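Here's the letter readout for the chains.
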Amino acid sequence: MSSTEIKTEKYTSKDFSSGQDVRWCPGCGDYSILAQVQRTLPNIENIVKEKVVWVSGIGCSSRFPYYMGTYGFHGIHGRAPAIATGLKIARPDLTVWVATGDGDLLSIGGNHFIHACRKNIDLKIILFNNRIYGLTKGQYSPTSEKGKVTKTSPYGSVDYPFNAISLALGSNATFVARSLDREPKHLAEMIDRAAAHKGLAFVEVYQNCNIFNDGAFELLTEKETKDDHVVILEHGKPMLFGKNKDKGIKLDGFTPVVVDLNDGRHTINDIIVHDEKDHGMVRAFILSHLTDDPNLPTPIGVFRQVFKPTYDEAMVEQIEQVKKKKGKGDLEKLLFATNTWEVSEN
Ligand SMILES: Cc1ncc(C[n+]2csc(CCOP(=O)(O)OP(=O)(O)O)c2C)c(N)n1
Ligand code: SF4
C-alpha cells in the first residue's frame, strides 16, 4: 500500500502504533492506557485512522501522540484543549482526542478545560491522573491529597485538591466517566463509549506513577481490597459492591451512606439505581463526591451521558446560514470596511 492510500479493511491495534520506542518508566500506568486505546480504536465503526488526531500538552502522559499511529500535536503546557478546539472547529470532519495529565489539564490548563466542557466541543479528553507531576519529578499537583508530602510540600500540602469529575460535571460536560489503569477491560469500555459519544467526552483514568507516587490507588486496584473500595456504575442497576455484592449505597436525604444488605433492616429497594441519562446534575454530583469520603467506595464507570448540540456543529451551521444571507465573505473587504489609519515611524 502506498503511503497516500487510505486503508479500508479492518484495522488492528498495530495500525494505531507509530512503532516508536515508548519512553515511559518501566511499570508506568501510561502503558496500559496506550494499550487499551490502541486495542479499542480499531473497533470503532467507520474509523479512518488518517482522520484521527491526538493532541497533548506537556508531561509524561503528553508524550502519548508520539506513540500513536495517527496524526498528532504535542503542544505547550496546559493548552491541549485550546489547540484541539481550534482544530475541531477548522476541521469538523476530524476525530480529535486529547491526552493530558492532572497538572497539565487542571492547573495551568484549567481555564481551557472548563470552557471546552461548557461549549460541548466534540473532543475526547483522557486525563491520566496520577495525583503528581511526573515529568518534573514529583511535585504535588492539583489532585494531590491534602497533607501529601512531596518535594514542593515537604511538610504536607495544605491545598484542597480538585475533584476532576465534579469539575467536569460543574462545567456541564455531556459525557463524564472514570476508570483505572489496572482494569483494562473496563478502561477499554470507557474509551469505546467516549468515542461513540457526540460532544465533549471526559474520561479520568487513575494512573499509577510508580516512580513518584507509587501505590496512590492501591486500595482500588489490589485484589484483596478493590471489591470493598470500588463501586461500578452501571446505568439502570443498583449501586452494589463488595465481594458478594451485599453492600450498597443508599441516599439519606442528599447524603450517601453504605448499607449492609445482610443487616435485616435493608433491602435492594433501598439502594440507589444509577441513572447516567439524568439531565439534572444533583445525583451525578453526589456520586462524584463519594471519592472524597474514605468511608465510601470510589465509583468507576459513566457518571453522566446526555445529548445536546455541539459548539462545532452550531458554528458550522451558523456560517452556512450567514453565507446564504450575505454571500461568501471577503477578508480584504472586511479588513478595509471601516476606518483604517497608518502608524508612522515617528
Ligand atoms: C509554561 C510551563 N510551565 C511549567 C512547565 C513545567 N512542567 C512540565 S510538565 C509539568 C507537569 C506535569 O505533570 P502532569 O500534567 O500531571 O503530567 P505527568 O507528567 O504526571 O503525566 C510541568 C509543571 C512547562 N513545561 N511549561
Ligand atoms: S515519572 Fe511516573 S508518570 Fe512519568 S513515565 Fe515515570 S512512572 Fe510514568
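Preceding block: the structure.
Residues numbered from 1 in each chain as written. Chains lettered and ligands numbered in written order. Predicted model: local features only at pLDDT ≥ 70, side-chain atom pairs only at ≥ 80, totals over all residues. Heavy atoms only, no water.

Caption draft 1: Structural view of the site of ligand 1. Ligand 1 sits among 16 residues. The nearest are Cys60, Ser61, Asp104, Gly134 and Leu135. Glycine 103 has a polar backbone atom sitting 2.9 Å from an oxygen atom of ligand 1. The contact in question runs from an oxygen atom of ligand 1 to an N or O atom on the backbone of leucine 135, over 2.9 Å. For ligand 1, the accessible surface in isolation is 590 Å², of which the surrounding protein chains cover 72%. The element that contributes the greatest number of residues to the shell around ligand 1 is helix α4 (residues 102–108), accounting for four residues. Class assignment of the residues belonging to the shell around ligand 1 gives a composition of six nonpolar, eight polar and two charged. (Near = heavy atom within 4 Å. Polar contact = N/O pair within 3.5 Å; in protein donor to acceptor, adjacent residues only side chain to side chain. Areas by Shrake-Rupley, 256 points an atom, 1.4 Å probe, with all protein chains shown as cover. Helix = DSSP H or I, 4+ residues; strand = E, 2+ residues; numbered from the N terminus. Nonpolar A, V, L, I, M, F, W, Y, C, P; charged D, E, K, R; others polar.)

Caption draft 2: Examining the sheet that holds strand β11 (residues 298–305) more closely. The strand order across the open sheet built from eight strands is β2-β1-β3-β4-β6-β5-β11-β7, with neighbouring strands paired in mixed fashion. Single-partner strands in this sheet number two, and they are β2 (71–74) and β7 (230–233). On average, adjacent strands in this sheet sit at an angle of 20 degrees to one another, irrespective of strand direction. As paired strands, strand β5 (residues 175–180) and β11 are joined by four bridges and run antiparallel to one another. Note on β11: the bridge partner recorded for alanine 177 is valine 302. Contacting β3 (95–101), β4 (123–129), β5, β6 (201–206), β7 and β11, helix α7 (residues 184–196) runs over the sheet at an angle of about 160 degrees to β5. (Pairing = 2+ DSSP bridges. Axes fitted to C-alpha atoms, helices over the stretch in contact; angles between N-to-C directions. Contact = heavy atoms within 4.5 Å.)

Caption draft 3: Inspection of the pattern of salt bridges at higher detail. All told, the structure shown has 16 salt bridges when counted by the stated rule. Among the ionic pairs, aspartate 263 bridges to arginine 265, the shortest N-O distance being 3.6 Å. The exposure class assigned to aspartate 263 is partly exposed, which follows from its relative accessible area of 30%. Linked by salt bridges that have partners in common, Lys88, Asp122, Lys124 and Lys198 make up one network. (Salt bridge = Lys/Arg side-chain N within 4 Å of Asp/Glu carboxyl O. Buried < 20%, exposed > 50% of the residue type's maximum accessible area, 1.4 Å probe, protein only.)

Caption draft 4: Region of interest: the packing of helix α1 (residues 30–40) against α7. The geometry of α1 relative to α7 is characterised by a closest axis approach of 9 Å and an angle of 55 degrees between their N-to-C directions. Classified by the angle between their axes, α1 and α7 sit oblique to one another. With respect to the hand of their crossing, α1 and α7 are arranged in right-handed fashion. The segment α1 lies against α7, with Ser32, Ile33, Gln36, Val37, Arg39 and Thr40 engaging Pro184, Leu187, Ala188, Ile191 and Asp192. (Parallel < 35°, antiparallel > 145°, perpendicular 65-115°, else oblique. Left-handed = near helix turned anticlockwise from the far one by under 90°.)

Caption draft 5: Highlighting the site of ligand 2. Taken together, the neighbourhood of ligand 2 is formed by Trp24, Cys25, Cys28, Cys60, Asn130, Gly134, Gln207, Cys209, Asn210, Ile211 and Phe212. Broken down by class, the residue content of the shell around ligand 2 amounts to seven nonpolar, four polar and no charged.

Caption draft 6: Local environment of the environment of phenylalanine 303. With respect to the helices, strands and loops of the structure, phenylalanine 303 is situated in strand β11. Taking the relative accessible area as the measure of exposure, phenylalanine 303 reaches 1% and is therefore buried. Each C-alpha atom, one on phenylalanine 303 and one on glycine 248, is 17 Å from the other, the two residues being 55 residues apart in sequence. Those residues in contact with phenylalanine 303 that lie beyond four places of it in its chain are Ile165, Val176, Ala177, Arg178, Leu233, His274, Glu276, Ala284, Leu287 and Ser288.

Caption draft 7: A look at the packing of aromatic side chains. Enumeration over the complete set of coordinates arrives at nine aromatic pairs. Both rings, one in tryptophan 24 and one in tyrosine 67, keep their centres 5.0 Å apart while their planes meet at 80 degrees; by these two values the pair is edge-to-face. With tryptophan 24 in the segment before α1 and tyrosine 67 in helix α2 (residues 64–67), the pair connects residues that are 43 residues apart, well separated along the chain. Of the two residues examined, tryptophan 24 and tyrosine 67, each falls in the buried class. Judged by centre distance (5.0 Å) and plane angle (20 degrees), the ring pair of tryptophan 54 and tryptophan 97 falls under stacked. Remark: tryptophan 97 occurs in strand β3 and tryptophan 54 occurs in strand β1 (residues 52–56); sequence separation between them is 43 residues. (Phe/Tyr/Trp six-rings, centres within 6.5 Å; stacked < 30°, edge-to-face > 60°.)

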